[in-house]
Amino acid sequence: MHRSGFVAVVGRPNVGKSTLVNALVGHKISIVTSKPHTTRHAILGVLTEADYQIVFIDTPGMDGGTGRLLNRAMNKAATAAIDSADLVILVTEAGRWQQRDEQALEQLKQAGLPAILVVNKIDRVHPRDRLLPMLAEHGNRHDFVAIVPVSALKSDNLRQLRQALVDALPEQEALYDAAMLTNRDISFRAAETLREKLMHALREEVPYGLGVEIASLDEEADGRLIIDATIWVDRESHKAIVIGKGGQQLRAVGTAAREELQYLLDRRVHLQSHVKVKRNWSDNAQALRDLGYDGEM
């Protein structure tokens, strides 16, 4: 008996969806920062074992609003993931059920799919027995297939979650080759890695106004990757912040991104970055298409 299927991982922003997917797959599939809306696309992460294959769909945070075209594209990506899934994981944060959690739950109910509630960040709950009334309260919200408390950051209780997922998936053959980890190519991963390092390094008002586009990616005869990246910002003042005094900020971010890419891809990487201003790019359809959102608008 072999089980497999698509599992959409959804929830409000900043509850740890990407950290959870990375921990479950055992590889870094999605970038992770402490800032909301780090994940902007739906990204597949594939976990393959002898008797099952789970295809996770990591999604942007569901914020329930409209706002800029980028926000609408992210909401659409999350909705599309639910529509294509066999099973849904709704991720929430221990002790912090909010209105946006309720909105995400309502969307799941409308979809009519089986759902597992993952209560994340239990490492922050002290004493641990405070979890019991929380879980009981969540059990009254919906007829979940299972409610599993975890700490994605500490990899706590993930074995129980994997088993609950496998038990809820349909019996069928694997959907992808066993060697596949993600559906995203090197160009996408390079852009996301650079954006992650920028988000870690920069002050609060800049990260959401950042976009990264890979202008060119070439493989040399010796296997080395030559990557030319453009960092888009929507204000002239942000360009100066990204570059930093004497170019120090941009060099430091570029070095961090290059080193991580060399580790992830197991090959030498040369990364060159340029910063350009494209005003209001996050509400510009063509700019979003250039950044890979054409299927999500």
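As a starting point, this report considers the structure included with it. What you are looking at is a predicted structure, and each value in this text was computed from that prediction instead of being measured. (Residues numbered from 1 in each chain as written. Predicted model: local features only at pLDDT ≥ 70, side-chain atom pairs only at ≥ 80, totals over all residues. Heavy atoms only, no water.)

The next point concerns the overall build of the protein. Looking only at helices and strands, the protein features nine helices and nine strands. Taking the principal axes of its C-alpha atoms as reference, the protein extends roughly 55 × 40 × 40 Å. For the protein, the proportion of contacts with a sequence separation of at least 24, taken over those separated by at least 6, is 71%. For the protein, the computed accessible surface area is about 13,600 Å², with 46% contributed by carbon and sulfur atoms. (Helix = DSSP H or I, 4+ residues; strand = E, 2+ residues; numbered from the N terminus. Contact = heavy atoms within 4.5 Å. Areas by Shrake-Rupley, 256 points an atom, 1.4 Å probe, with all protein chains shown as cover.)

Turning next to the sheet that holds strand β8 (residues 225-233). Where strands meet in a sheet, backbone hydrogen bonds hold them as pairs that are either parallel or antiparallel. The three strands lie next to each other as β7-β8-β9, forming an open sheet whose pairing is mixed. Because the sheet does not close on itself, it has two edges, and the strands there are β7 (210-219) and β9 (269-277). Strand-to-strand, the axes of this sheet are offset by a mean angle of 20 degrees, without reference to chain direction. Where β8 lies against β9, nine bridges are found, and the strand directions are parallel. Considered in β9, the bridge of isoleucine 231 is made with valine 275. Those strands touched by helix α7 (residues 236-243) are β7, β8 and β9, and its axis lies near 155 degrees from that of β9. (Pairing = 2+ DSSP bridges. Axes fitted to C-alpha atoms, helices over the stretch in contact; angles between N-to-C directions.)

What follows concerns the layout of surface pockets. What the largest pocket holds in volume is close to 440 Å³. Lining the largest pocket are 27 residues, and of these Asn14, Val15, Gly16, Thr19 and Thr33 sit closest to its centre. Counting residues per element, the lining of the largest pocket draws most heavily on helix α1 (residues 17-25), which supplies three residues. Looking at the lining of the largest pocket, its residues break down into eight nonpolar, 13 polar and six charged. Of the volumes computed, that of the second largest pocket is approximately 330 Å³. Every element with two or more residues in the lining of the second largest pocket is listed here: α6 (186-201) and β7. The greatest single-element share of the lining of the second largest pocket, amounting to five residues, is contributed by α6. Class assignment for the residues of the lining of the second largest pocket results in seven nonpolar, five polar and seven charged. (1 Å grid on protein atoms, 1.4 Å probe; cavity = no way out; pocket = protein on both sides within 12 Å on 5 of 7 lines; lining within 4 Å. Points joined across faces, edges and corners; volume = space filled by probe spheres on them. Nonpolar A, V, L, I, M, F, W, Y, C, P; charged D, E, K, R; others polar.)

What follows is about the side chain of histidine 138. When you line up the elements, histidine 138 lands in helix α4 (residues 131-139). Note on histidine 138: relative accessible area 5%, which makes it buried. Dropping the residues within four chain positions of it, histidine 138 is found in contact with Thr92, Trp97, Leu117, Val119, Phe144 and Ile147. (Buried < 20%, exposed > 50% of the residue type's maximum accessible area, 1.4 Å probe, protein only.)

Quick look at α4 now. Among all positions in α4, only Leu131, Met134, Leu135 and His138 are buried. Angular distribution of buried residues about the axis of α4 spans 95 degrees; they occupy a single face of the element. Facing away from the buried side of α4 by more than 90 degrees, the exposed set consists of Leu132 and Pro133. (Arc of directions from axis to C-beta.)

So, about the sheet that holds strand β3 (residues 52-58). Taken in spatial order, the six strands of this open sheet run β2-β3-β1-β4-β5-β6, and their pairing is mixed. The two strands at the open ends of the sheet, each matched to only one other strand, are β2 (43-49) and β6 (146-149). Sheet twist, expressed as the mean angle between neighbouring strand axes with direction ignored, is 25 degrees. Taken together, the four bridges between strand β5 (residues 115-120) and β6 define a ladder with parallel strand orientation. When the sheet's bridge partners are listed, valine 119 is paired in β6 with proline 149.

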